[in-house]
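So the chains spell out like this:
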Amino acid sequence: MDRTEKRAFVESLATTFGEVSFVLVAQNKGLTVAAVDDLRRKMKAAGATYKVAKNRLASRALDGTRFQGVQPLLKGPTALAWSSDPVAVAKTAVEFAKTNDKFVILGGALGTQSLAPEGVKALAELPSLDALRAQLVGLIQTPATRIAGVVQAPAGQLARVLKAYADKEAA
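The sections below set out a description of the structure shown in this document. (Residues numbered from 1 in each chain as written. Predicted model: local features only at pLDDT ≥ 70, side-chain atom pairs only at ≥ 80, totals over all residues. Heavy atoms only, no water.)

Moving on: the side chain of serine 83. Considering the arrangement of structural elements, one finds serine 83 in strand E3 (residues 78-83). The exposure class of serine 83 is buried, given its relative accessible area of 4%. For serine 83, the side chain forms a polar contact with the main-chain oxygen of glycine 47, separated by 3.2 Å. (Helix = DSSP H or I, 4+ residues; strand = E, 2+ residues; numbered from the N terminus. Buried < 20%, exposed > 50% of the residue type's maximum accessible area, 1.4 Å probe, protein only. Polar contact = N/O pair within 3.5 Å; in protein donor to acceptor, adjacent residues only side chain to side chain.)

The following block contains the structure:
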């Protein structure tokens, strides 16, 4: 890469870091091309991006962003993953690390909060953003359903009593 390409790469990475909510740093020492392609496919399916970048360029891109806390992790062969849904990245990375011992999670940053590998694993155990939204909608709908059932119950009972009287009169 020449200087203009490096500058453009740093600017695009810095712009990306300004838009996302979570950045993961992992060590990818010894991963095969097939394993990296598999990880990229899984990250893309989860709505995340996985990128191997030179540490110096990544560090420059992190300058001035809220993710500066991950700069000390950029040593050796590292890769970055990011997304606006932090749980999706963490889940995908933790699941991949379980099956591939050469992929090691070094840490991450959720906004200005730096996370150790244990913090990333704890984040991966949370339900996804879509699951949380579904739970919230379910909680909101439950009281309305119960109210409708309580309101309809007396009317249903009254209808059954009237039907019983009608059946009694007919007999």
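There is about 200 Å³ of room inside the largest pocket. Lining the largest pocket are Arg3, Lys6, Arg7, Val10, Lys54, Arg56, Leu57 and Arg60. At the level of elements, helix H1 (3-19) and helix H3 (55-62) are the ones that each hand at least two residues to the lining of the largest pocket. If you tally residues by element for the lining of the largest pocket, the top one is H1, at four residues. Looking at the lining of the largest pocket residue by residue, the class counts come to two nonpolar, no polar and six charged. (1 Å grid on protein atoms, 1.4 Å probe; cavity = no way out; pocket = protein on both sides within 12 Å on 5 of 7 lines; lining within 4 Å. Points joined across faces, edges and corners; volume = space filled by probe spheres on them. Nonpolar A, V, L, I, M, F, W, Y, C, P; charged D, E, K, R; others polar.)

This paragraph deals with the sheet that holds strand E4 (residues 104-110). The sheet built from five strands is open, its strands ordered E2-E3-E1-E4-E5 with antiparallel pairing. The open sheet has two free edges, formed respectively by strand E2 (49-52) and strand E5 (113-115), since each of these has just one partner strand. Going across the sheet, the axis of each strand differs from the next one's by a mean of 20°, ignoring polarity. Judged from the four bridges that link them, E2 and E3 form a sheet pairing that is antiparallel. Looking at the pairing, tyrosine 50 lines up with alanine 81 of E3. With respect to the sheet, helix H4 (residues 86-99) is in contact with strand E1 (22-27), E3 and E4, its orientation differing from that of E1 by roughly 15°. (Pairing = 2+ DSSP bridges. Axes fitted to C-alpha atoms, helices over the stretch in contact; angles between N-to-C directions. Contact = heavy atoms within 4.5 Å.)

With that settled, consider the packing of aromatic side chains. Applying the stated criterion across every chain yields a total of four aromatic pairs. An angle of 80° between the planes, with centres 5.6 Å apart, marks the rings of phenylalanine 17 and tryptophan 82 as edge-to-face. Linking phenylalanine 17 in helix H1 with tryptophan 82 in strand E3, this pair joins segments that are 65 residues apart in sequence. We classify phenylalanine 17 as buried; its relative accessible area is 1%. Here the aromatic rings of tyrosine 50 and phenylalanine 103 are separated by 6.4 Å at their centres, their planes lie at 55°, and the arrangement is tilted. Here tyrosine 50 is found in strand E2, whereas its partner phenylalanine 103 is found in the loop between H4 and E4, with 53 residues between them in sequence. Per residue, the accessibility class of tyrosine 50 equals that of phenylalanine 103, and both read buried. In textbook terms, an aromatic cluster arises when at least three aromatic residues are bridged by ring pairs, as seen for Phe17, Phe67 and Trp82. (Phe/Tyr/Trp six-rings, centres within 6.5 Å; stacked < 30°, edge-to-face > 60°.)

Right, let's talk about helix H2 (residues 33-45) for a bit. Along its 13 residues, H2 runs 18 Å from first to last C-alpha, staying within 8% of the 18 Å computed at 1.5 Å per residue. The set of residues buried in H2 consists of Ala35, Val36, Leu39 and Met43. The arc that holds the buried residues of H2, viewed along the axis, is 95°, so those residues lie on one side. In H2, the exposed positions that point more than 90 degrees away from the buried face belong to Val33, Ala34, Arg41, Lys44 and Ala45. Where H2 is buried, its residues meet E2, E3 and H4. Positive phi shows up at glycine 47, right after H2, with a value of about 85°. (Expected span 1.5 Å × (residues − 1). Arc of directions from axis to C-beta.)

Time to look at H3. Every buried residue of H3 is listed here: Asn55, Leu57, Ala58, Ala61 and Leu62. Projection of H3 onto a plane perpendicular to its axis shows the buried side chains occupying an angular sector of 165°, all on one side. Opposite the buried face of H3, by more than 90 degrees, sit the exposed residues Arg56 and Arg60. Buried positions along H3 lie against H1 and E3. Count one or two residues on from H3 and you reach glycine 64, which has phi positive near 85°.

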